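Spelled out, the chains give:
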Amino acid sequence: GAGVSQTPSNKVTEKGKYVELRCDPISGHTALYWYRQSLGQGPEFLIYFQGTGAADDSGLPNDRFFAVRPEGSVSTLKIQRTERGDSAVYLCASSLAGEQFFGPGTRLTVL
Amino acid sequence: EDKVVQSPLSLVVHEGDTVTLNCSYEVTNFRSLLWYKQEKKAPTFLFMLTSSGIEKKSGRLSSILDKKELFSILNITATQTGDSAIYLCATGANSKLTFGKGITLSVRP
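Residues numbered from 1 in each chain as written. Chains lettered and ligands numbered in written order. Predicted model: local features only at pLDDT ≥ 70, side-chain atom pairs only at ≥ 80, totals over all residues. Heavy atoms only, no water.

## Considerations on the overall build of chain A
Put simply, the rule reads: Only DSSP runs of H or I with at least four residues qualify as helices, and only runs of E with at least two residues qualify as strands; both kinds are numbered from the N terminus onward. Values of the radius of gyration come from C-alpha atoms, whereas the globule rule sets the reference at 2.2 Å times the count of residues to the power 0.38. Note on contacts: a residue pair is in contact if any heavy atoms of the two residues lie within 4.5 Å.
Of regular secondary structure, chain A possesses 0 helices and 11 strands. For a compact globule of 111 residues, the expected C-alpha radius of gyration is about 13 Å, and chain A comes in at 13 Å, within 12% of that figure. A separation of at least 24 residues holds for 52% of the contacts in chain A among residues at least 6 apart in sequence.

Structure, rendered in structure tokens:
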């Protein structure tokens, strides 16, 4: 596609529920990144994939967060037992070399 | 821990003014410094800087990096209302980006 796409654009869920957020990177980009942005803050790194494998998952806040990229393209960020503090915009980015190109994000609201 | 600090946190100017946005950083394994513009949700790439003293320019926007003093500036000349946005600075080290909090720029007509 022309750019990074993310679905859904908005997700409202209840505390304790499970959610999946999807990212479609730019075609041919081998690297994929997930970030989380809270109000008034810059994006915070969560995890980085090179191909199918997670090259760096040091930003995942705890074991409720997990991400996969089984075929080296689309990625899914999975959050179990959601908490109100998980509410944020989740941004995905992809790159081939150098600059990262961001998608429009998914705004997650946990009630 | 890597740190990126942007200043000021916000500013309001009038159309036609020139603005300078600041970014200082402390990172290990520095590779690059990037500037993004964020209007709604998706940060839009502006510049990537890797070498000191070499200005990058795109229209009314320009940026430069000082690797000795560990800072970068983003200049916008002849500002327009469409420049109103959050400007994010980030350092790239080993692929992941570390962002500052961003600078909210408001350009009034």
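Having seen it, we continue.
## Thoughts on the state of the cysteines
Residues and elements named next belong to chain A. In plain terms, the rule: The term disulfide is used for any two cysteine sulfur atoms that are within 2.5 Å.
Considering all chains together, one arrives at 2 disulfides over all chains under this definition. Between Cys-23 and Cys-92 runs a disulfide, and the two sulfur atoms are separated by 1.9 Å. Negative torsions about the S-S bond denote left-handed disulfides, and the value of about -65° found for Cys-23 with Cys-92 makes this one left-handed. Residue Cys-23 is found in strand β3 (residues 19–24), and its partner Cys-92 is found in strand β9 (residues 88–95); the two are separated by 69 residues along the sequence.

## Brief notes about the pattern of salt bridges
Residue and element names in this part refer to chain A. Rule in force here: Any carboxyl oxygen of Asp or Glu that lies within 4 Å of a side-chain nitrogen of Lys or Arg is treated as forming a salt bridge with it. A simple rule labels every residue: compare its accessible area, found with a 1.4 Å probe on the protein chains alone, to the largest value its type can have, and call it buried under 20%, exposed over 50%, or partly exposed in between.
This model, assessed by the stated rule, comprises 5 salt bridges over all chains. Note that Arg-22 is salt-bridged to Asp-24, the shortest N-O span being 2.9 Å. Judged by relative accessible area, which is 38%, Arg-22 ranks as partly exposed. Because the salt bridges share partners, they merge into one network encompassing Arg-64, Glu-83 and Asp-86.

## Describing the nonpolar core
The condition that has to hold: Within this scheme, the nonpolar core is defined by two criteria: the residues are buried Ala, Val, Leu, Ile, Met, Phe, Trp, Tyr or Cys, and they are joined through side-chain atoms within 4.5 Å.
Grouped together as the largest cluster of nonpolar side chains are 22 residues, with contacts concentrated most on Leu-11, Leu-21, Leu-33, Trp-35, Tyr-87 and Leu-105 of chain B. The leading source of residues in this core is strand β3 (residues 19–26) of chain B, at 4 residues. Excluding its chain neighbours within four sequence positions, the residues that come into contact with Leu-21 of chain B are Ser-7, Leu-11, Trp-35, Ser-72, Ile-73, Leu-74, Tyr-87 and Ile-103 of chain B. With 20 residues, the next largest nonpolar core counts Leu-60, Ile-79, Cys-92 and Val-110 of chain A among its residues.

## Some thoughts on unusual backbone geometry
Following Thr-7 of chain A, the chain continues into Pro-8 of chain A via a peptide bond in cis, with omega recorded as -10°. Along the chain, the position of Pro-8 of chain A falls in the loop between β1 (5–7) and β2 (10–13). Residue Ser-7 of chain B is joined to Pro-8 of chain B through a cis peptide bond whose omega torsion reads -10°. Within the secondary structure layout, Pro-8 of chain B lies in the loop between β1 (3–7) and β2 (10–14). Positioned with a positive phi, Leu-70 of chain B is a non-glycine residue whose angle comes to about 60°. A relative accessible area of 33% means that Leu-70 of chain B is categorised as partly exposed. Residue Ala-78 of chain B is not a glycine yet carries a positive backbone phi of 45°.

## Some words on the interface of chain B and chain A
You'll often see interface size given as the accessible area lost when the parts meet. Where we set the bar: Here the quantity called buried area is the total loss of accessible area, with a 1.4 Å probe, experienced by two parts when brought into contact, counted for both. Definition of a polar contact: a pair of N or O atoms within 3.5 Å, with one able to donate and the other able to accept a hydrogen when the atoms are protein atoms, and with sequence-neighbouring residues admitted only if both atoms are side-chain atoms. Note on residue categories: nonpolar means Ala, Val, Leu, Ile, Met, Phe, Trp, Tyr, Cys or Pro, charged means Asp, Glu, Lys or Arg, and polar means any other residue, Gly included.
Listed per partner, the contact involves 15 residues of chain B and 23 residues of chain A. Both faces considered, chain B and chain A share a buried interface measuring about 1500 Å² in area, 58% of it formed by carbon and sulfur atoms. Connecting chain B to chain A are 0 salt bridges. Our enumeration of links across chain B and chain A arrives at 4 residue pairs in polar contact (both at pLDDT 80 or more). Of all the secondary structure elements, the ones that give two or more residues to the side of chain B that touches chain A are β4 (32–38), β5 (43–49) and β10 (96–99) of chain B. Residue composition of the side of chain B that touches chain A, grouped by class: 9 nonpolar, 3 polar and 3 charged.

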